[in-house]
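Architecture and fold: a report
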Amino acid sequence: MNTKAWLTGAVILGASLVVTTANAHIVNGPPPDTASTIDGIKVACAGVGEGNRAIRRWHDYAVRLEAVGGYGQFLGDENVAVSKPNGTEIAQFNCSAPWALMDLSPGKYRVAMSVPGSPARDLKVIAPPHGEKTIIVRFNSQLAGEPKHRMAENTTSPG
C-alpha cells in the first residue's frame with residue numbers, strides 16, 4: 001500500500017471516529033413529564049399541555065428554557081448543549097417537549113439550543129442560587145400554525 005493511500009485512509013477513519021464520538025455524546029432527554037440525570041445533571045423535558053405551568057415539580061429546577069416559534073407557539077425536539085464559561089461542555093441532550101429544565105449549580109453557563117430547521121441560539125445563562133430562571137428562546141423562522149391573533153379570531157362564534 002502506498003503512503004498516500006494509507007494516509008488518506010487514516011484521515012477518513014480518524015474523521016469518522018470523531019463524528020461517531022460527537023454524535024454518541026448527544027443523548028435523548030427523558031420522555032415528556034419525567035426527570036432523568038444526564039452527564040450528572042438532573043434534567044426534565046416538560047411543557048406539553050396547558051396544565052404544566054401549575055405542576056410544582058417543574059418549578060424546582062434552577063433553569064427552564066422554553067423553545068417557542070415565531071408566532072409564540074411552543075416547539076419541541078430541541079437539542080441543548082450546556083458548557084462552562086471556558087467552553088468545557090458539561091451536558092448535551094435532546095428534548096422532545098418544549099421545556100428543557102436543568103438543575104444546574106448556581107453560576108454562569110453557556111447554552112446552545114437548536115430546533116430542526118433553525119440555526120442554534122447561543123445563550124449566556126446564570127443559574128440562580130435560589131428559585132428558578134426561565135428563559136424564552138425564540139426561533140422566529142418557525143412559523144407552523146397561525147399567529148395568535150388569527151387563532152383568537154377563528155375561535156369567536158358568529159354573531
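Computed from a predicted structure; not experimentally measured. (Residues numbered from 1 in each chain as written. Predicted model: local features only at pLDDT ≥ 70, side-chain atom pairs only at ≥ 80, totals over all residues. Heavy atoms only, no water.)

On to the sheet that holds strand β4 (residues 63-69), then. Spatially, the five strands line up as an open sheet ordered β2-β3-β7-β4-β10, and their pairing is mixed. Each edge of the sheet is formed by a strand with only one pairing partner; in this case those strands are β2 (34-38) and β10 (133-139). Direction aside, the axes of adjacent strands within the sheet are offset by 25° on average. (Pairing = 2+ DSSP bridges. Helix = DSSP H or I, 4+ residues; strand = E, 2+ residues; numbered from the N terminus. Axes fitted to C-alpha atoms, helices over the stretch in contact; angles between N-to-C directions.)

Our focus in this paragraph is the pattern of salt bridges. Per the stated rule, a full pass over the model turns up three salt bridges. Salt-bridge contacts for D60 lead to R56; the nearest nitrogen and oxygen are separated by 2.9 Å. For R56, a relative accessible area of 54% gives the class exposed. The partner of R64 in a salt bridge is E66, with the nearest N and O atoms 2.9 Å apart. By relative accessible area, E66 is classed as buried at 2%. (Salt bridge = Lys/Arg side-chain N within 4 Å of Asp/Glu carboxyl O. Buried < 20%, exposed > 50% of the residue type's maximum accessible area, 1.4 Å probe, protein only.)

This brings us to the state of the cysteines. Disulfide: a covalent bond connecting the sulfur atoms of a pair of cysteines. Scanning the model with the defined rule gives one disulfide in all. C45 shares a disulfide with C95; S-S distance 2.0 Å. Remark: C95 occurs in strand β6 (residues 89-95) and C45 occurs in strand β3 (residues 41-46); sequence separation between them is 50 residues. Of the two residues, C45 and C95, neither departs from the other in class, the shared state being buried. (Disulfide = S-S within 2.5 Å.)

Formed by 28 residues in total, the largest nonpolar core has its most connected members in V63, L65, V80, F93, M102 and L104. Counting only elements with at least two residues in this core, the list comes to β3, β4, β5 (78-83), β6, β7 (99-102), β8 (107-114), β9 (121-127) and β10. Not counting the four nearest positions on each side in its chain, L104 is found in contact with I41, A62, V63, V82, Y109 and A127. Core analysis: the next-biggest nonpolar cluster, separate from the first, contains six residues, A46, Y61, W99 and L101 among them. (Core = buried A, V, L, I, M, F, W, Y, C linked by side-chain atoms within 4.5 Å. Contact = heavy atoms within 4.5 Å.)

Bringing the packing of aromatic side chains into the picture now. The tally for this structure, following the rule as stated, stands at two aromatic pairs. Relative to Y61, the ring of W58 lies with its centre 6.4 Å away and its plane at 35°, an arrangement referred to as tilted. The exposure classification of W58 matches that of Y61, with both residues buried. Ring plane angle 85° and centroid distance 6.4 Å describe the contact between F74 and W99, whose orientation is recorded as edge-to-face. (Phe/Tyr/Trp six-rings, centres within 6.5 Å; stacked < 30°, edge-to-face > 60°.)

Attention now moves to the environment of P116. As for its position among the elements, P116 is in the loop between β8 and β9. The exposure class assigned to P116 is partly exposed, which follows from its relative accessible area of 47%. Considering only alpha carbons, one finds P116 and G76, 40 residues apart in sequence, at a separation of 9.0 Å. Sequence-distant contacts of P116, defined by excluding residues within four places in its chain, comprise G76, D77 and Q142.

Here we take up the environment of L75. Summarising the element assignment, L75 is placed in the loop between β4 and β5. Sequence-wise, L75 and F139 are 64 residues apart; in three dimensions their C-alpha atoms are separated by 8.9 Å.

Time to look at the pairing of β6. Within β6, five of the seven residues are buried, which leaves it mostly tucked inside the rest of the structure. Here six bridges tie β5 to β6, and the two strands are oriented antiparallel to one another. When the sheet's bridge partners are listed, A81 is paired in β6 with Q92.

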